[in-house]
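Each chain, letter by letter, is given below.
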Amino acid sequence: MADGVILQMAAERGGQQQAAPIVGIDLGTTNSLVAVMRGGKTEVLADPHSGPLVPSVISYSPAGWVVGLAAKNQRVMNATNTVYSVKRFMGRGLEDLREELRYLPFAVAEEPGNVVRIKLGERSYTPPELSAMVLRELKRRAERLLGLNVARAVITVPAYFNDAQRQATKDAGRLAGLEVMRIVNEPTAAALAYGLHERKEGTIAVYDLGGGTFDISILKLKDGIFEVLATNGDTHLGGDDIDQELTKYLLDEIRTICHADLRHDPERLQQIRILAEAAKCELSSRDVAHIHYELPEQRIRYDIELTRRDFEHRIRHIVERTLGPCRQALADAGLTPAAIDEVVLVGGSTRIPMVRRLVQDLFQRVPHTELNPEEVVALGAAVQASILEGGVSDMLLLDVTPLSLGMETFGGAMEKLIQRNTTIPTSVTEMFTTFVDGQTSVDIHILQGERELAGDNRSLGRFSLKGIGAMPAGMPRVAVTFTIDANGILSVRAKDQISGKEQGIEIKPSYGLTEEEVERMLLESIEFAEEDVTARLLVSVRNEAETVLRATEKALVEGAELIEAEERAAIEGAAAALRQALEASQPALIRQRTQELNTATYHLAALLMDRAVQTALKDKSIDSI
């Protein structure tokens, strides 16, 4: 205890003379790590007794909180008050998690606003609060080993984390007392850790299969610039799914052979899950795993030898789910597997031999396995931290946004302002206008996804810009700016160019996209491409037609005395034909009728313009007298 006090005091004194480095943190589903660059080399900060890994587990008891290895040891004896895999809850709603809740011993609920809360003791906690406890443990470790007060960090996230999940991660850092300097994609960090930036150029695939998430990123390196060409993945796929598959198998076996149903007993369920995890790890290096489970009081004795072949057969469908995103990322980057120079494996689940075989077969390259796959992301985060501090000055890291971002326009179309796989940070401004005469406010509806119509994409947020001057439709100019920062977090602002009125929002949705929704967005954008284009075209021609009809009605009132009855009848007939075409929902017919109405009103429009010019000249002449 005395040593700890002396070390803390030294940190406080030394902090006045020496600033603590920015640390790199891998906030993982199963384990978390903290790393730093010292003397030009990266190192994971390891506890002398428990090693480098801090299990991402939090446990509560009347005696207090424990985090890490001590909490992991509570998973059986204190199952209902011990939380693990909390990363899978970050930025998500209860509906996203319903399928796996059957296998969780702790209570999960949802409050208004779709905020997930986990009950521990007499209170319930949000995922960022629980993740903050893990981050505080990493912060304490770094301070203890560095002898300095650590206040800044780079934290990694899966590349396919959406805005809500990234924001939840930043919130967790802030709750832990850390200034989050940068949110970095895990695959990008892994490439940095391998020192691939020391190559002059090359194309790198980073395959990251962690405990709860899967990412694939295609990076291009040239002249010290790391550019992410494409990213894909699944925010709900990882080693946890393999553990659940084995757990389900063992539970079914015990129910069949021993006539005992343990699915609803939290302590027994955790015992079986721990056996499943151990078998998975054993089968990564051996051909057979021996599983033994005994409950003498219930006269249950279960022994089995699980072969690697049988294990791989049972999990093959899970591993193969990673190959689709890999192929999509290659397609998005416009590359074939033969164009990949290096393949990097990240995440503890890549120790499974079948994973390595399938990755090698797909990319036609033997993947890098020199570094510990569980440490590589934290090491890369430390490299990025050094870049921010100026310690590594000959590099630039360019990431991308995984899904398109835009806003709803009149008629329910989605206008994409930032396309999927756009390099970030980025900012895009586009001009919009009103659709109705005298309109004094506009609603900004922000969307994320790949479909052409607003209703088929994910709503991220809304706000209104009020105080626009009442003018004819099409006259106001509203500049809408979408900005994504280096952490991948979106903010949107709208400004009326005439009045100067401005309003904005930083998107902080209560939960993010589910795995199925992300997959659906990308697949449907291909599957329904032709249908979407037709629907978008219909919206466009409808808007144009309705604008022309309103302008025609206005012109007939203002220029009633300028045209003969015969010409007026022709215009009214063309307008009636256009209204009838609008009911038929045929883009080509609507466009044709719109053109016919434009032609019919051409003479009236010219007369109105001449009168306006004559009036303006007359007014000017009067002013000059």
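Relevant structure appears above.
To start, this report covers the structure provided alongside it.

Attention now goes to unusual backbone geometry. You will see that Ser85, though not glycine, has its phi angle at about 55°, which is positive. Here Ser85 is to be found in the loop between strand 7 (82-84) and helix 3 (94-97). Taking the relative accessible area as the measure of exposure, Ser85 reaches 7% and is therefore buried. Despite not being glycine, Gln364 shows a phi value in the positive range, around 60°. Along the chain, Gln364 falls in the loop between helix 11 (353-363) and helix 12 (376-389).

Sheet strands line up and pair through hydrogen bonds in the backbone, either parallel or antiparallel. Strand order in the open sheet formed by three strands is 6-5-7, and the pairing between neighbours is antiparallel. The open sheet has two edge strands with one neighbour each: strand 6 (64-67) and strand 7. Strand after strand, the sheet turns through a mean of 15° between neighbouring axes, direction not considered. In this structure, strand 5 (residues 57-61) lies alongside strand 7, joined through three bridges in antiparallel fashion. Among the inter-strand pairings, Val57 is bridged to a residue of strand 7, identified as Tyr84.

This part covers the nonpolar core. The biggest cluster of nonpolar side chains holds 47 residues, and the ones touching the most others in it are Tyr207, Ile216, Ile254, Leu262, Tyr293, Phe311 and Phe363. Among the elements that take part in this core, helix 7 (residues 239-258) stands out by supplying seven residues, more than any other. When sequence neighbours within four positions are dropped, the list of residues in contact with Phe363 reads Ala205, Ile216, Cys326, Leu330, Pro337, Ile340 and Val343. Formed by 45 residues, the second largest nonpolar core is a distinct cluster that contains Val54, Phe106, Ala176 and Val180.

One pass over the structure, following the stated rule, counts five aromatic pairs. A centroid spacing of 5.0 Å and a plane angle of 55° characterise the contact between Tyr60 and Trp65, whose relative ring orientation is tilted. When the centroid spacing of 6.2 Å and the interplanar angle of 50° are considered together, the rings of Phe89 and Phe106 count as tilted. Of this pair, Phe89 sits in the loop between strand 7 and helix 3 while Phe106 is found in the loop between helix 3 and strand 8 (107-111), placing the two residues 17 residues apart along the sequence. Exposure class is identical for Phe89 and Phe106. Each is buried.

Turning next to the packing of helix 6 (residues 186-193) against helix 12. When two helices pack together, their arrangement is given by the angle between the helix axes and by the axis-to-axis distance. Running from N to C, helix 6 and helix 12 cross one another at 80°; their axes reach a closest spacing of 7 Å. On the basis of the axis angle, helix 6 is roughly perpendicular to helix 12. Seen from helix 6, the contacting residues are Glu186, Ala189, Ala190, Leu192 and Ala193; seen from helix 12, they are Val376, Val377, Leu379, Gly380, Ala381, Val383 and Gln384. When its residues are assigned to classes, the contact of helix 6 with helix 12 shows nine nonpolar, two polar and one charged.

Reading the values: rules and limits
Residues numbered from 1 in each chain as written. Predicted model: local features only at pLDDT ≥ 70, side-chain atom pairs only at ≥ 80, totals over all residues. Heavy atoms only, no water. Helix = DSSP H or I, 4+ residues; strand = E, 2+ residues; numbered from the N terminus. Buried < 20%, exposed > 50% of the residue type's maximum accessible area, 1.4 Å probe, protein only. Pairing = 2+ DSSP bridges. Axes fitted to C-alpha atoms, helices over the stretch in contact; angles between N-to-C directions. Core = buried A, V, L, I, M, F, W, Y, C linked by side-chain atoms within 4.5 Å. Contact = heavy atoms within 4.5 Å. Phe/Tyr/Trp six-rings, centres within 6.5 Å; stacked < 30°, edge-to-face > 60°. Parallel < 35°, antiparallel > 145°, perpendicular 65-115°, else oblique. Nonpolar A, V, L, I, M, F, W, Y, C, P; charged D, E, K, R; others polar.

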